[in-house]
Structures are given as structure tokens and as C-alpha cells.
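As a plain string of letters, each chain reads:
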Amino acid sequence: MTDDQFDDVVQKLDLEQKVRLLTGATAWRTHAEPDIGLRSIVTSDGPIGVRGQGWDERSTSLTLPSPTALAASWDEGLVERLGVLVAAEARRKGVDILLAPTINLHRSPLGGRHFECYSEDPLLTARLGVAYIRGVQSRGVAATAKHYVANDSETDRLTLDARVDERTLRELYIVPFEAAVEAGVWVVMAAYNGVNGATMTENPLLAEPLKGEWGFDGMVISDWGAVRSTVAAGLASQDLAMPGPGGPWGDALVAAVRAGQVPEEAIDEKVRRLLRLASRVGALSADDAPPTQPASDLNALHPANDEQSRALLREAVVAGTVLLRNERSVLPLDSGRLHRVAVIGPNAAVPRIQGGGSAGVYPVSVVSPLEGVREALAGRAEVGHAAGVRIETNPTPLDPGNARNPLTGEPGVLVRLLSAEGEEMYSEHRLTGRVLETALVDASATVEIRARLRPDVDGVWSLAVAGWGHVLLEADGTTLIDEEVERDTDDPATVSLTPPYRHASLTLTAGQEVELVARRRLDPDTGLASVLAADSPRLSAEEEFTAAVELARAADVAIVVVGTTEEVESEGFDREDLSLPGDQDALVRAVLAANPDTVVVVNAGGPVAMPWRDEVPAVLLSWFPGQEYGGGLADVLFGVSEPGGRLPTTWADRALIGTMPVDGILEYAEALNIGYRAWLREDTGPAYWFGHGLGYTTWSYESVVAPDSVEPGRPFPVKVRLRNTGERAGGEVVQVYLTRPESGVLRPARWLAGYARVKAGPGESVEVTVEVPGRAFQHWSAEHHAWETERGGFTVLAGRSADDLPLGTVTSAGTVTSV
């Protein structure tokens, strides 16, 4: 449809109809308007999968690696293919808007949502974010560039005011959003936080540069609950307030328009943008977008029937796995020479495949590191397992393996909604004791989870219930917990996803079932989340630790999988430090002492301190790698594939930049110097530099060539020649940085200007062209509010990381000479 046609449609609506469209109909849908052929538009969280509307473990999803893992691939083609895959999932689930990608930066490694963002570098983030957007929107599903802007940490995220100078905003934090708009993204999400004094849903940055200078013609959606005013947000370039149906707009916005506080033209513009989006995703009957696929085709897209999808996800695990250290060429392991392998660590059998928070999905299946290793060595070597240490502090929800519905006998639990008088209003069978959402039934006062727990061992079991309001737990009619739990947070992710636990103990006999009943009162603004959990008796900490060490001692090689937990790394809070939780550091050192052939695999979404890193022979970083974790990891461990990852963020033992606001203000005082830029100003370096990563071969960088003349503001090619000096084929990420030591403008010591992936056979020499954008030479002038180019020489550096750059040339506005 043309703009004139959208105008015609808008004119058919009265004020109440128009305003009604600007607030969600539910938590996940917009309002329909049959009079103009507009159906409801459906949203879903991303970026690692498409959960669909709400939280229901019966609705499974393909589960991609986390964005940090995808960024570690430095592979835009792979990310675009994964975007296409996610779009097919969205179509299968009837979703029009995917709330992804997250293109905020890794300002601090303490950021709790670090795993959901790509990188500390704006160029790498921009290129990968654009690739994801291209893939998603190629199938008629809207991608959402979020969270605009400076939503780079979680502490006080709803209310903090980020104070960021104009140049830093332009050169760092809005760079990925500008690239997304240039690539044609259809939706931008306004963040919770404020920037320079105004909350983002009322911030002038929505108008300029987003809709004005950049020409963004899509829709601005709010983060959930981020619209907090009627007039200020109504006057701003904020288009859609989510969720619904309540909120500060509705009748109040209608009244504000009639009172002359908000011009009706502002309402018309918001509706016009919503209609344009509806046309793009096929929600407006007057448009000619491709129709939604019929149900017979949708079934074929289900991941359970699609081995190609799983193969792509396994490929992505390999591509993002970073080999940080490989002394004595311990990796790859020679499976033909192994007889006994010890797979050790708290994340070996129960890994973290995704981060915590609103972006979570229910995976179709999960391949653990232990399962991956056992499959790879089946029939050739004995594979033993021991956790060694405990790091999870939250209880384990009931599941089909230990619980059954007392009404039907099916594996799982019975969930009921009860009236204030205890009358059943609704019931359903569920597969987990962690019930985040269920049906909404008027007059419901209580959520009840009921199950028959089947103990598999004798002893004292730990039982727990979670929820806000009054919570109750009974076992065979005996009350174990009866408490009031007051809501102590306004953060929607915490309220809806992680209510607090209350605990009890009960002595149980193996094979003798006990009926558990958990209830929680449904108070206003406390969500529906309810949990019934049970944990069996365990070995003592000393016994578990000793068992792991002895297993390692008897093995040919020990693989130790360490990592973080949802209590440490998740949406809603930041980390206090970079330490691994529990006694994992001690476990690594004890296993190493028992077996010098020890490989450590780090299963974390962001940087962690590794005090043993220079002691163990091999360290692999696997991030949160999605559902095909174990298979991809085994491919890397046993040399089926080379680890393709390079660090998209600097790894260190400490954070140089904090995330704690002072009096509600978070000063971005470091300006342009985050990540590797900040470490280049320190006397000592980090553990591993941005861009670092090894493969199973070696490379020699031979030459770099740039054009004889470079026109300011125009892109130019840098040609780098390198040779594979190893004995097997491999891949490398060639990185180009710029520096200008003698500058009249304050600059970082160096900054990433371009990169390219290259492959070569053993002994083969290859030349790769790295395209450097014209913007790489420019800086933002706060005085003139424009991009400017400083005349004179810039040094072009080429190599394999921010600190390993063996080649260089010097270029000025006219000539280039080798150095």
C-alpha cells in the first residue's frame, strides 16, 4: 500500500478506534479492526527461538545459540541463515513480530543480559544484527531492533538515567540501530531506561535521529510496561504501548487529544506506522504480502521433523566455539587412542543452553556435553561422569520423570485455577512444576499445582513452592509451608518469571508415592508464575568432589565443563563479579592435578574469571550454545570440525566499568573506551583480547595493501595475504583496525574497521579483501552535530585480534605507504 492509501484507511477510523489500536489487546497481541481489514498482530520473544504467545512448555521451539555465541562466529552468512530458520518457526507459530535482535553493547562484562547482546564493538554488532534482520524479514516476519538505546545493564533498568555524551552515543551505542534502519528493519523497541534526562518512550531520540535523519518508516514498540505517561509519551514518537489491554493511553489519551494536549495528527502518524507494519507482515487484507502458510505446510516445518534445522544448529555451535588455549596440541582428541574418558562438572550433564529471562524458550530437545561425547565414542571408549560440585541454588521443578498427574496418571502435573471459595474454574495437564502462565479465567483467586511425586531414593527430600502472595504446600494432606510472600520488585521479568521460593524437607521412601499440592493466591500485579519443586538427597559436597577427582585420575583424558547459573547470569540483575559460582575453580585444579590431559569447557554467556587458565593445557569457550550443544562440542573435541569462534568481547578477570547507578544516574564517563578500547589504556592486558581465537592449524600474515588514495567518507578495500602454515585445512578471521596516535581529536588507541573470514588448505596462501567503511575514519562533532574527517595519516593494522596485529600500512587523504 502507498502512503496515500494508509492515509485513506486512517480517515475511516474515529478517534477512539485509532487510540484503541495503539495499546496491545493482550500481553502478546495488538487489537484487530475488522472495519478496515486489520487482523491482530502477534508478537513473540526472541532472539534464540520463537516461544510464541506466552509461556507453555508444551509449545517447543528450535533453540539457537545465544547472540554472544553467534557473534563469536563473525559469520554474517550463518547468522542470516539462522534468521531465516527463526522466521520459519515464527510463521509456524503464527507470529508476526519477533522481538529480536538485541543490539545493545557489552559496555561492562558485569551486565546480566550480556548473553543476549552480540558484542562490545559497534561495527561487529551492527553487521551481525543486520544479517539477523535480513534473514528474519526475508520471510515476511518483522524483526525488532532493541533496546533503543543505552540499555546496556540491568541494575535499576526500569528507572536509571544513562548520561551519555553526544559523540559517544553517535560513535558507539546507536551505531547498530542506524545500521538496522539502513537495512530496512520494520520495528524498533524503545527501552525502559532514560537517556540524558528523558525516559526512552518519551525521549527526543525517537524523533531524531531515528525517524527524521535516518528516515525510519517502521513502528516503535515499547518494551513491556515502558510507556508510563499519557501526554508525554503521546507527544513523543512512541507508536505502540505494550502489553495490553491496560496502560496509560486508552481513554486517557482520547481525553488528552480532545483537551488539545496531544494533536490528533500525532495519533494518526502512530496508526499510519502500525498499518504500514501490518501491511508488511500480511495482517492488513488490502496488501499483497505473501499469505500465511497453510497448516499442512506448517507441520513440515516443525523441528522434530527437520534434520536440516538441527544440522544447522549443530554447525552454529561449532562456528561459535572459541579455542582460547591449546598447549601441547591436546586438541583435537584422538578418539582412536582413548579407552576411558571422564566428563566432569556441574554443566556436563545438565548444561545451560540459554540465558535466563524473557527471551527463554522451551527447546525441542537438548544434547548435553556428556551425551555428545558418549555418542561420539560409542563402541570405542568408556565415558564416565561426575558433577564434582554443585552450583545451582534454586530447587528443581517437578517433571515427567518423577511426577504424575493424580487425576489421569499421566507423567507431569495437574494445574487448576480455583475461585475464592475453592471451586475449580479451570484445569489442565502440564509437563513441569514450573508454571509461568496458564489460562486467564475471571474470578480465579488461586493457582494450584498437584502431583504424585515418585521418589527414586530413600532419605530426606527438599521440597519447595514459589510464588507471590499467600503460598501453601501440602504433602499427603500435611501442611509443610503456609506463608505470605510480599512482592518486593516492579521488574516485570522478576515478577513474571522468578518468584521467590519457600522450602521444606520431608523424609521419603523410594517407590512410595506422595501427593504434593502447592497453591498460591493470585494477587493483583503479581503474575501467574507458580512452582512446585523437589530434589532428592545427594552426596555430601566432599563425596561429590572426591568422586570426580578419582574418575579423572583413572581416565585417559578429563573434560571439565564449568559455567554459570541462572541465579548468576540472567535478565533483571547484573553480576557482582566475574567469578565462577561454587567451587568450580578448585574442581578444575584438582582434576588437573589428577590428570594432566585436562580440557576445560566454559559454558557461560559472558566473561568469567579463569584463575587456572595458564595451568590447564586446553580451554574451550562454548557460551550458551543452544539445543545441539553436545553434538557440536563433540565435533570440536574430536576434530570432526575446527572451532570457528573468535571472541566478540574481551575476556578478563575483572571489570573495568561498573553498572551501579548513583542516585538514579549511570554516568558513561568512560566515553568511547569500552571493551578492548578500555584495556588498551591499561598497564596490563586482559586474559584474552577481543578477536582472539585459535584453530587446529596455524597462520602466517604476509602482507597488507591499501589503495594509493583514500577519499574521506568513502569505503575502501584493504587486501591481506596470509598463509596456512599448518598440516590441515582451516579458517581464520582477518581483522583490520585503525589507529591515529597523533590526533587532534580524542580517540581510542585503535578501533575495529573491518573483518573477513577466510579458508585455506595446508600450505596454501590466500588473499582476502576487507572492506573498510568510510565512517571508520570519521568522528562525530558535537559542536557541528555532524560527521567529520580529520585530515592526515591513519595507520591501518591487520591481524588476528585487537592485540595481535603483525601487519600495517599508513594512509592519509592521498597516499599509502608500507611500514
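The written sequence of each chain sets the order in which its residues are numbered from 1. Confidence filtering applies because this is a predicted model: local features only for residues at pLDDT of at least 70, side-chain atom pairs given and counted only at 80 or more, and all residues used for totals across whole chains, interfaces and linings. Think of the side-chain values as coming from all heavy atoms in the structure, minus any hydrogens and water.

A. Highlighting the side chain of lysine 146. The helix count covers DSSP runs of H or I at least four residues long, the strand count covers runs of E at least two residues long, and both are numbered beginning at the N terminus. Mapped onto the fold, lysine 146 is located in strand β3 (residues 142-148). The contact criterion used is simple: two residues touch if any of their non-hydrogen atoms lie within 4.5 Å. Setting aside residues no more than four positions away along its own chain, lysine 146 makes contact with Asp45, Leu99, Ala100, Pro101, Thr102, Ile103, Asn104, Arg113, Glu116, Phe177 and Met189.

B. Summary view of the packing of aromatic side chains. Aromatic pairing here means that ring centres of Phe, Tyr or Trp (its six-membered ring) are within 6.5 Å. Orientation follows from the plane angle: under 30 degrees is stacked, over 60 is edge-to-face, and everything else is tilted. Within this structure, the stated rule accounts for 14 aromatic pairs. A ring pair is formed by tryptophan 74 and tyrosine 755, whose centres lie 5.0 Å apart and whose planes are at 80°; its orientation type is edge-to-face. With tryptophan 74 in the loop between α3 (67-72) and α4 (76-92) and tyrosine 755 in strand β30 (residues 751-760), the pair connects residues that are 681 residues apart, well separated along the chain. Note on tryptophan 74: relative accessible area 2%, which makes it buried. A cation sits over an aromatic face here: arginine 170 above tryptophan 780, 4.0 Å from the ring centre. For the cation-ring pair, arginine 775 lies above tryptophan 787, with the distance from its terminal atom to the ring centre recorded as 3.9 Å. Each residue gets one of three labels from its accessible area relative to the maximum for its type: buried under 20%, exposed over 50%, partly exposed in between, using a 1.4 Å probe on protein chains only. The criterion for a charge sitting over a ring is simple: Lys NZ or Arg CZ within 6 Å of the ring centre, and within 35 degrees of the ring normal.

C. Representation of the sheet that holds strand β15 (residues 434-435) in the model. The criterion for strand pairing is that DSSP finds at least two bridges linking the strands in question. Here four strands make up an open sheet; going across it, the order is β15-β22-β17-β20 and the pairing antiparallel. The two strands at the open ends of the sheet, each matched to only one other strand, are β15 and β20 (501-508). The pairing of β15 with strand β22 (residues 530-535) spans two bridges and is classified as antiparallel. The residue of β22 that forms the bridge with arginine 434 is valine 531.

D. Broad picture of the sheet that holds strand β23 (residues 557-563). Ordered in space as β9-β25-β24-β23-β10-β11, the six strands form an open sheet in which the pairing is mixed. Two strands bound the open sheet, and with one partner strand each, they are β9 (322-326) and β11 (382-386). Across this sheet, the average inter-strand angle for adjacent strands is 15°, counted without regard to direction. Pairing analysis gives four bridges linking strand β24 (residues 598-603) to strand β25 (residues 618-621), with the strands arranged parallel. By the bridge assignment for β25, valine 601 is matched with leucine 620. Axes here refer to lines fitted to C-alpha atoms; in helices the fit is confined to the stretch in contact. Angles between the N-to-C directions go from 0 to 180 degrees. Each of β10 (340-344), β11 and β23 is contacted by helix α14 (residues 369-376), which is oriented at about 170° to β11, the strand it contacts most. Contacts from helix α17 (residues 584-594) reach β10, β23 and β24, with the element oriented near 175° to β23.

E. Structural context of the pairing of β9. Counting buried residues along β9, five of its five residues qualify, which places the element largely inside the surrounding structure. Here β9 pairs with β25 via four bridges, running antiparallel. Residue pairing in the sheet places leucine 323 in a bridge with leucine 620 of β25.

F. How the structure looks around the pattern of salt bridges. Here, a salt bridge means any Lys or Arg side-chain nitrogen found within 4 Å of an Asp or Glu carboxyl oxygen. In the structure shown here, the tally under the stated rule is 67 salt bridges. Arginine 157 is the partner of aspartate 491 in a salt bridge, and the nearest nitrogen-oxygen pair spans 2.7 Å. With aspartate 491 in the loop between β19 (478-485) and α15 (492-497) and arginine 157 in the loop between β3 and β4 (161-163), the pair connects residues that are 334 residues apart, well separated along the chain. The pair aspartate 491 / arginine 157 is uniform in exposure class, with both members buried. Between arginine 800 and glutamate 732 there is a salt bridge, with the nearest N and O atoms lying 3.6 Å from each other. Residue arginine 800 is located in the loop between β34 (794-799) and β35 (807-811), and its partner glutamate 732 is located in strand β29 (residues 730-739); the two are separated by 68 residues in the primary sequence. The network of salt bridges with common partners includes Arg404, Arg416, Glu424, Glu448, Arg450, Arg452, Arg454, Glu513, Glu515 and Arg519.

G. Summary view of the environment of valine 561. Checked against the element boundaries, valine 561 lands in strand β23. Distance in space between the C-alpha atoms of valine 561 and alanine 386 is 11 Å, their sequence separation being 175 residues. The contact partners of valine 561, leaving out residues within four places of it in the chain, are Ile344, Gly345, Pro346, Asn347, Ala348, Pro369, Val601, Asn603 and Tyr629.

H. Expanded view of the confidence of the model for the protein. Across the chain, each position has a pLDDT score giving the predictor's confidence in that residue, from 0 to 100. With 97% of its residues at a pLDDT of at least 70, the protein reaches an overall mean of 95. Note on residues 287-301: pLDDT is under 50 here. Beyond four places in sequence and across chains, it has 19 contacts. Counted against residues more than four places away or in other chains, residues 813-819, with its pLDDT under 50, gives 19 contacts.

I. Structural context of the packing of helix α16 (residues 541-553) against α17. Their axes nearest at 8 Å, the elements α16 and α17 cross at an angle of 35°. You can see that α16 and α17 cross each other, and the crossing is right-handed. Residues Phe545, Ala548, Val549, Ala552 and Arg553 of α16 lie in contact with α17, whose contacting residues are Ala586, Leu587, Ala590, Val591 and Ala594. Side-chain classes are defined by residue name, with Ala, Val, Leu, Ile, Met, Phe, Trp, Tyr, Cys and Pro counting as nonpolar, Asp, Glu, Lys and Arg as charged, and the others, Gly among them, as polar. A class-by-class count of the residues in the contact of α16 with α17 yields nine nonpolar, no polar and one charged. For a crossing to be left-handed, the near helix must be turned anticlockwise from the far one by less than a right angle; the clockwise case is right-handed.

J. Molecular detail of helix α7 (residues 175-182). Most of α7 sits out of view: seven of its eight residues are buried. Every buried residue of α7 is listed here: Val175, Pro176, Phe177, Glu178, Ala179, Ala180 and Val181. For α7, the elements touching its buried residues are α5 (122-137), β3, α6 (166-173) and α8 (207-211). With its phi angle positive at about 95°, glycine 184 sits one or two positions after the end of α7.

K. Structural view of the pairing of β23. Burial of β23 is extensive: seven of the seven residues sit out of reach of the surface. Convention used here: a crossover is right-handed provided that the path from the first strand, over the helix, to the second strand proceeds clockwise when the strands point away from the viewer. Handedness of the crossover joining β23 and β24 through α17 is recorded here as right-handed.

L. Spotlight on the side chain of aspartate 585. You can see aspartate 585 is positioned in helix α17. In this tally, Asp and Glu contribute negative charge and Lys and Arg positive charge; neither His nor the terminal groups of the chain are included. One buried charged side chain, aspartate 585, makes no salt bridge at all; its nearest oppositely charged neighbour is arginine 589, positioned 6.2 Å away. Sequence-distant contacts of aspartate 585, defined by excluding residues within four places in its chain, comprise Leu580, Ala609, Pro611 and Trp612.

M. Structural context of the nonpolar core. We call a set of buried Ala, Val, Leu, Ile, Met, Phe, Trp, Tyr and Cys residues a nonpolar core when their side-chain atoms join them within 4.5 Å. Grouped together as the largest cluster of nonpolar side chains are 105 residues, with contacts concentrated most on Tyr148 and Val149. Ignoring sequence-local partners within four residues, the contact set of valine 149 consists of Leu169, Tyr173, Ile174, Phe177, Ala191, Asn193, Val195, Met200 and Leu205. By size, the runner-up hydrophobic cluster in this structure holds 45 residues, among which are Leu13, Ile97, Ala278 and Val281.

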